[in-house]
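Notes for the structure review
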Number of protein chains: 2
Amino acid sequence: MEADEAVETIQREMTAFARRARASAGRMHPELSLVSYTLLGHLEESGGCRATDLAAHYALDKSTVSRQVAALERARLIERRVDPEDHRVQVLHLTGTGRRILAQVTESRRTAFRERLAHWPAEDLERFAAYLVRYNAWPPEGYGDDDQETDQEQEADQEQEADQ
Amino acid sequence: MEADEAVETIQREMTAFARRARASAGRMHPELSLVSYTLLGHLEESGGCRATDLAAHYALDKSTVSRQVAALERARLIERRVDPEDHRVQVLHLTGTGRRILAQVTESRRTAFRERLAHWPAEDLERFAAYLVRYNAWPPEGYGDDDQETDQEQEADQEQEADQ
DNA sequence: CGGCTTGGTTGTATAGTACAACTTGAATGA
DNA sequence: TCATTCAAGTTGTACTATACAACCAAGCCG
């Protein structure tokens with residue numbers, strides 16, 4: 001296999017993956033869509049943040065986040081606390097239930113991934129992981145994304161071509 | 001890095017990728033959604049097939065495919081030919097326009113991917129590609145998806161449940 | 001023939017998303 | 001101080017992708 005061909009394959013496989021991802025996500029955890037799951041995860045690791053931060057981080061419109069947040073609040077998975085410093089701001093926090101559900105879904109996702117990767121040699125797992133990190137980390141630097149975040153996401157950028 | 005941790009990373013990165021994918025849908029090629037692109041691609045490589053085949057192949061409901069096909073036909077990207085053998089069947093074919101648009105979109109996607117992967121050593125590209133294929137090809141045999149693979153396509157299978 | 005199966009369409013409902021208009025509260029600057 | 005402008009969120013509207021269920025129409029089988 002040669003480099004150009006490898007690029008084709010990567011494109012094709014990432015696209016195939018992207019196309020299927022959401023559909024199957026909903027099937028496994030009807031109670032928590034992929035987006036909700038991600039938002040909850042972000043709240044957990046950030047220890048609470050504003051809706052605007054989520055929007056910037058995930059390159060979503062603030063109205064979209066507003067509605068997602070409203071749904072999560074309705075489901076009692078998160079709660080809002082008005083920032084005493086600035087009454088426009090609502091700091092979002094996980095509730096106990098939210099934390100529990102998040103942990104459950106995380107666990108079941110983990111199981112699925114583990115099963116899927118069970119027969120892979122450790123060396124391959126490590127290399128694959130590293131490649132994915134490298135691929136996703138390609139932020140030809142930010143454009144909408146303030147996101148001070150540490151870990152994994154640079155989001156926005158790659159949105160571009162990720163798929164379609 | 002150790003195997004378990006690698007699995008975590010793979011899960012996290014694949015999820016991040018999946019989450020963003022659709023969001024970007026339409027930004028690059030408003031004229032051809034991800035699904036439409038995929039369907040067109042399938043028609044090209046299969047040289048024409050039935051709506052039912054597409055549905056089975058991509059684990060989509062037949063009604064979804066029906067509407068997608070209708071849209072593609074309206075856009076003159078594909079055409080239907082009634083199978084003279086069986087009047088229930090409509091064999092779908094790309095039109096010249098369809099072939100052209102598909103080629104354009106493929107090319108622009110290719111460019112984006114190439115840019116993104118430009119600085120990767122060939123060896124890494126090849127390994128990454130191989131890992132993705134392996135990951136996506138995980139059909140621990142069908143369970144919802146009959147997809148009887150009649151003639152031309154095998155590669156399809158993986159549609160199943162890509163992630164999570 | 002009559003019933004079952006298969007391919008496809010249509011009605012209906014839902015999720016997720018964007019964009020634009022609007023509200024409310026803060027900050028700024030003359 | 002007050003008017004302007006900015007920032008955070010919400011709401012109205014619209015559109016896409018999707019599923020499921022009800023349906024129709026054409027073959028097939030016994």
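Residues numbered from 1 in each chain as written. Chains lettered and ligands numbered in written order. Predicted model: local features only at pLDDT ≥ 70, side-chain atom pairs only at ≥ 80, totals over all residues. Heavy atoms only, no water.

What follows is about the packing of aromatic side chains. Tallied over the full model, the rule gives 11 aromatic pairs over all chains. Residues Phe-128 of chain A and Tyr-131 of chain B carry aromatic rings whose centres are separated by 5.6 Å and whose planes lie at 55° to one another, so their mutual orientation is tilted. Taken together, the residues span two chains, with Phe-128 of chain A in helix α6 (residues 122-136) and Tyr-131 of chain B in helix α6 (residues 122-136). Like Phe-128 of chain A, the residue Tyr-131 of chain B is buried in the burial classification. What links up through ring pairs into an aromatic cluster is the set Phe-113, Trp-120, Phe-128, Tyr-131 and Tyr-135 of chain A together with Trp-120, Phe-128, Tyr-131 and Tyr-135 of chain B. The ring of Trp-120 of chain B carries the charged tip of Arg-134 of chain A above its face, separated from the ring centre by 4.1 Å. (Phe/Tyr/Trp six-rings, centres within 6.5 Å; stacked < 30°, edge-to-face > 60°. Helix = DSSP H or I, 4+ residues; strand = E, 2+ residues; numbered from the N terminus. Buried < 20%, exposed > 50% of the residue type's maximum accessible area, 1.4 Å probe, protein only. Lys NZ or Arg CZ within 6 Å of the ring centre and 35° of its normal.)

Turning our attention to the sheet that holds strand β3 (residues 90-94) of chain A. All names here are of chain A. With antiparallel pairing, the three strands of this open sheet are ordered in space as β1-β3-β2. Looking at which strands have only one partner, the edges of the open sheet turn out to be β1 (49-50) and β2 (78-82). Where β2 meets β3, five bridges bridge the pair, whose relative direction is antiparallel. Of the residues in β3, the one forming a bridge with Arg-80 is Leu-92. Across the sheet, helix α2 (residues 34-46) is in contact with β1, β2 and β3; its angle to β3 comes to roughly 95°. Sheet contacts for helix α4 (residues 62-74): β2 and β3; angle to β2, the most-contacted strand, approximately 110°. (Pairing = 2+ DSSP bridges. Contact = heavy atoms within 4.5 Å. Axes fitted to C-alpha atoms, helices over the stretch in contact; angles between N-to-C directions.)

Moving on: the confidence of the model for chain A. Residue and element names in this part refer to chain A. Across chain A, the average pLDDT comes to 79, with 82% of residues at or above 70. Mean pLDDT across the elements of chain A bottoms out in helix α7 (residues 156-162) (35) and peaks in β3 (97). Within the model, pLDDT remains below 50 along residues 140-164, and this stretch shows 68 contacts once partners closer than five positions in the same chain are excluded. (pLDDT = per-residue confidence, 0-100.)

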